[in-house]
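# A structural walkthrough
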Amino acid sequence: MLNDITIGQFFPGNSVIHRMDSRFKIVLEIVIVVILFAAQNFIGLGLACFFILMIYAASGISFKLMLKSLKPIVPIILFTAVLNLIFVKGDGDPLISFWVISIYRKGLETSAFMLLRIVFLIIAMSLLTYTTSPIVLTDAIESLMSPLKKVKFPVHELAMMMTIALRFIPTLIEETNKIMMAQKARGAALDTGGLIKRAKAMVPILVPLFISAFKRANELATAMECRCYRGGEGRTRLRQLRFTRLDIYAAGLTLCVLGMVIIDNIVF
């Protein structure tokens, strides 16, 4: 399961999505979230889902990887779908009635609607780290939050912390896999027994994982000090962020999709 977690990973490429300005990609992700939550019926949601799939096709990221990013959250998705299926009531007779559980047509529709919305929300948010390197992402976050510098807000430090945390997710996952394999080689039963037994079996994994994480953090801090890192004051960038014609076209297309979803809500 841990090998299926792809959040925080960057996959280099030369697609149109990779070449887009990273600041616009962050704004694009926010607009996509607005589109998904603005859709109030299956027509609008289908339009939003088709737009996300179109972006994935343009990015060159495989659909297999897109589906792989969903595996860790499958229990949450199913739990949400079941809750909507059971607790959303509708008019008329239930489709299925068993003991105190009654499933209505409206509950079935709402469950499917929420399931699709959550799935494509996760898929869309994963695309940002797939197509943007951590360094460029740091510069983009800092640039978007630059107005806060006027009130002495530590914008650069916050952007750096967010990016480092995101970057170290794959590293910690890899470290967890190594520790689990080492514990299994010593005879530890991590995948058997009840819930309480499995929870106790995680203690020998969490302790060395925390120690390793603090050790890596200390090594990173030492490396940054050796390179004379003193925050964002007076720092320059090797690559300057610039909006291009490609970003303007993408902005126009995204706004068109948002407008179509809003019109769909008004008409239907």
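Each chain has its residues counted from 1, following the order in which its sequence is written. Local features are withheld for residues below a pLDDT of 70 in this predicted model, meaning they are given only at 70 or higher, and side-chain atom pairs are given and counted only at 80 or more; totals for whole chains, interfaces and linings count all residues. In computing side-chain properties, one takes all heavy atoms of the structure into account and sets aside hydrogens as well as water.

## Quick notes on the confidence of the model for the chain
Residue-level confidence of the predictor is what pLDDT reports, using numbers from 0 through 100. With 92% of its residues at a pLDDT of at least 70, the chain reaches an overall mean of 81. Helix numbers and strand numbers start at the N terminus; a helix is a DSSP run of H or I with at least 4 residues, a strand a run of E with at least 2. Put simply, helix α9 (residues 195-201) is where the chain has its lowest mean pLDDT, 73, and helix α3 (residues 42-59) is where it has its highest, 90.

## Considerations on the packing of helix α2 (residues 22-38) against helix α11 (residues 245-267)
Helix-helix packing is characterised by the crossing angle of the two axes and by the distance between the axes. Only the stretch in contact is used when a helix axis is fitted, and all axes are lines through C-alpha atoms; the angle between N-to-C directions ranges over 0 to 180 degrees. Look at α2 against α11: their axes get within 10 Å of each other, and the N-to-C directions meet at 10°. Compared by their axis directions, α2 and α11 come out roughly parallel. Of α11, the residues touching α2 (which contributes Phe-24, Leu-28, Val-31, Val-34, Ile-35 and Ala-38) are Asp-247, Ala-250, Ala-251, Thr-254, Val-257, Leu-258, Val-261 and Asn-265. In the scheme used here, Gly and all other residues not listed as nonpolar or charged are polar, with Ala, Val, Leu, Ile, Met, Phe, Trp, Tyr, Cys and Pro taken as nonpolar and Asp, Glu, Lys and Arg as charged. Classifying every residue of the contact of α2 with α11 gives 11 nonpolar, two polar and one charged. When describing relative orientation, an angle under 35 degrees is termed roughly parallel and one over 145 degrees roughly antiparallel, while 65 to 115 degrees is termed roughly perpendicular and anything else oblique. For this analysis, residues touch if any pair of their heavy atoms sits within 4.5 Å.

## Describing helix α10 (residues 203-226)
What a helix is expected to span follows from its residue count: subtract one and scale by 1.5 Å. Between its first and last C-alpha, α10 extends 35 Å over 24 residues, near the 34 Å set by a 1.5 Å rise per residue. Each residue's exposure class comes from its accessible area (1.4 Å probe, protein chains only) as a fraction of the maximum for that residue type: buried when under 20%, exposed when over 50%, partly exposed otherwise. If you check which residues of α10 are buried, you get Ile-205, Leu-209 and Ser-212.

## Quick notes on helix α8 (residues 155-185)
Each α-helix winds once per 3.6 residues, and so residues spaced three or four apart point in a common direction. Compared with the 45 Å implied by 1.5 Å per residue over 31 residues, the 45 Å span of α8 between its first and last C-alpha is a close match. Within α8, the axis deviates most sharply at Ile-169, by approximately 35°, and proline Pro-170 lies no more than four positions further along. With its phi angle positive at about 95°, Gly-187 sits one or two positions after the end of α8. A residue's bend is simply the angle between two axes: one fitted to the seven residues ending at it, one to the seven starting at it.

## Section: a nonpolar patch on the surface
Together, Ile-43, Ile-262, Ile-263, Ile-266, Val-267 and Phe-268 make up a nonpolar patch on the protein surface, roughly 680 Å² of accessible area in all. Here the element with the most residues in the nonpolar patch is α11; it accounts for four residues. Mapped onto the elements, Ile-266 comes out in helix α11. Residue classification places Ile-266 among the exposed residues on the basis of a relative accessible area of 69%. Within the patch definition used here, like charges are joined within 9 Å and nonpolar side chains (Val, Leu, Ile, Met, Phe, Trp, Tyr) within 5 Å, considering only residues with over 30% relative accessible area and no salt bridge. Surface exposure here means Shrake-Rupley accessible area, sampled with a 1.4 Å probe, where a residue is shielded only by the protein chains that are shown. The salt bridge definition used is simple: a Lys or Arg side-chain nitrogen within 4 Å of an Asp or Glu carboxyl oxygen.

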